[in-house]
Amino acid sequence: MNIRNKIHLFSTVWLVMIVLAINASIYWLFYKQTTEQELDRVQLQAESIAERLRPADHTINPADMLRAFLPPNGMIRVIDEKSGSIMTAAKEADFADLPPQYHDGQVVRLDKREGALYAIAQVPLIWQDGSVVSLEVTASLLAVQDTLNMLQVVLLLASLVVLIPSFLAGRMLGNVMLRPITAMIQTMEEIQKKGTFKKLVLQDQSKDELYHLGNAFNRMIDRLQDSFDKQQQFVSDASHELKTPLTVLEGYATMLKRWGLKKPEVLEESVEAIYAEAVRMKNMTRQLLMLANPDAQTSLTLSQLDLVSLCEETSKWMRQTYERHIQTETARSEIMLQADEQKLKQLLVILLDNALKYSSAPVMIQISETAYEVSFSVRDEGIGVPQEDLPHIFDRFYRVDKARARETGGSGLGLSIAKRIVEAHGGRIEVFSEEGKGSRFTVTLPR
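Read on for a plain summary of the structure. (Residues numbered from 1 in each chain as written. Predicted model: local features only at pLDDT ≥ 70, side-chain atom pairs only at ≥ 80, totals over all residues. Heavy atoms only, no water.)

Glancing now at the pairing of strand E10 (residues 373–380). Of all eight residues making up E10, six are buried, and the element is well covered by its neighbours. The pairing of strand E9 (residues 363–369) with E10 spans six bridges and is classified as antiparallel. Across the sheet, isoleucine 365 pairs through a bridge with valine 378, a residue of E10. Note: E10 against strand E12 (residues 438–446), eight bridges, orientation antiparallel. By the bridge assignment for E12, aspartate 380 is matched with serine 439. (Buried < 20%, exposed > 50% of the residue type's maximum accessible area, 1.4 Å probe, protein only. Helix = DSSP H or I, 4+ residues; strand = E, 2+ residues; numbered from the N terminus. Pairing = 2+ DSSP bridges.)

Structure below.
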């Protein structure tokens, strides 16, 4: 059973139960009120007749009295202690089918015989011979039954008037509620069939939950399409980056095959080139695997470390490697924080390596702190980054100048890895650059 039918069935069943409960309550209250009124009436009539039939008053003929008080649709009779009828007054023979029953006290009850309802009231009475008898007044409730039957018809018609439109409204409500979901299913099937991303067309007249559901679906489609495009771009860029060293390796291997054994200079050149490209491919593959594995940066080994000491040790190693000047500036000699030491060292190497590659001037590391955060900036006076390229520099394989990056050995993956490391620590990385004047990368981390 689909959701539409479940909603329709659930709403219909509950509505039927509510209508039945309301109708039963109305019928029962009306039945209770009308029958109690009739019982009160026959009880008052029985007490009035008993008052008139006092033994002290011998001038009144009991039979005449009973006929005088006889209701048009009832019966009056006197019942002795043996449940025998002493005197009976009735206009209809049907009342004779009601068996007499003696009671020594006042009794008011309803009795139903062959589908007919009767109101019966009995009061004790001292008869003319001094014995105690029971005066019974019986009234037919046929008019009340007719009214109750009419009430049943009215309630049934009213229920149909309520249920039929509600039934149709339930179907319409199910269609309205499930229309966005149905549209989502159709869109998903179309995406699966055609392999193209498609969004829902939303009606923004009412900003209800269904609208927000469709809007969330569209945002999800945007993110999926963006991820798909980035994946396609990543595969394309990775293929392009790997194709170049493979081509170089193939070319120098061919040279070795043809002339390497005869020409020592060709052998030496080919070996050096093949070694350089192999190292470059190894580093690129390691970076690709690191980016492809999200746990590589999110799995941290946190420890208490001194950021100033870490920056000085890393800059010292980089100075020896590149034979360049790197200066560290800090207001305090020790700034402690909780972080992964190896990941922060890798982050510093990436930022310093970029600064040293694209600048011939000294590189500056500036460290600062607040009550809740610490930050460090790597600043160079190099070529800078154009403003239109700044939003993309953390994308994988993105390089401002591909030709120059090729000369410096860059693969366009370092800043992507740096951003992942910063985000894994719950921090942020910002860049300010001006073309021709240099760049400044600022990393802010929580303590």
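For the rest of this paragraph, the subject is the nonpolar core. Formed by 37 residues in total, the largest nonpolar core has its most connected members in Leu347, Leu351, Ile367, Phe376 and Val443. Broken down by secondary-structure element, the contributors of at least two residues to this core are helix H7 (307–322), strand E8 (336–340), helix H8 (341–357), E9, E10, helix H10 (414–424) and E12. Setting aside residues no more than four positions away along its own chain, phenylalanine 376 makes contact with Leu307, Leu347, Leu348, Leu351, Gln366, Ile367, Phe441, Thr442 and Val443. (Core = buried A, V, L, I, M, F, W, Y, C linked by side-chain atoms within 4.5 Å. Contact = heavy atoms within 4.5 Å.)

Along the polypeptide, phenylalanine 432 turns up in strand E11 (residues 428–434). Apart from residues no more than four positions distant in its own chain, phenylalanine 432 is found in contact with Gly438, Ser439 and Arg440.

Take a negative patch on the surface next. Among the surface-exposed residues, Glu92, Asp94, Asp97 and Glu114 lie close enough to one another that they form a single negatively charged patch. Structurally, aspartate 94 is set in the loop between strand E2 (85–90) and strand E3 (107–113). In this structure aspartate 94 comes out as partly exposed when scored by relative accessible area, which is 48%. (Patch = residues over 30% accessible without salt bridge, like charges linked within 9 Å, V, L, I, M, F, W, Y side chains within 5 Å. Areas by Shrake-Rupley, 256 points an atom, 1.4 Å probe, with all protein chains shown as cover. Salt bridge = Lys/Arg side-chain N within 4 Å of Asp/Glu carboxyl O. Lys, Arg positive; Asp, Glu negative; His and termini not counted. Charge placed at Lys NZ, Arg CZ, Asp CG, Glu CD.)

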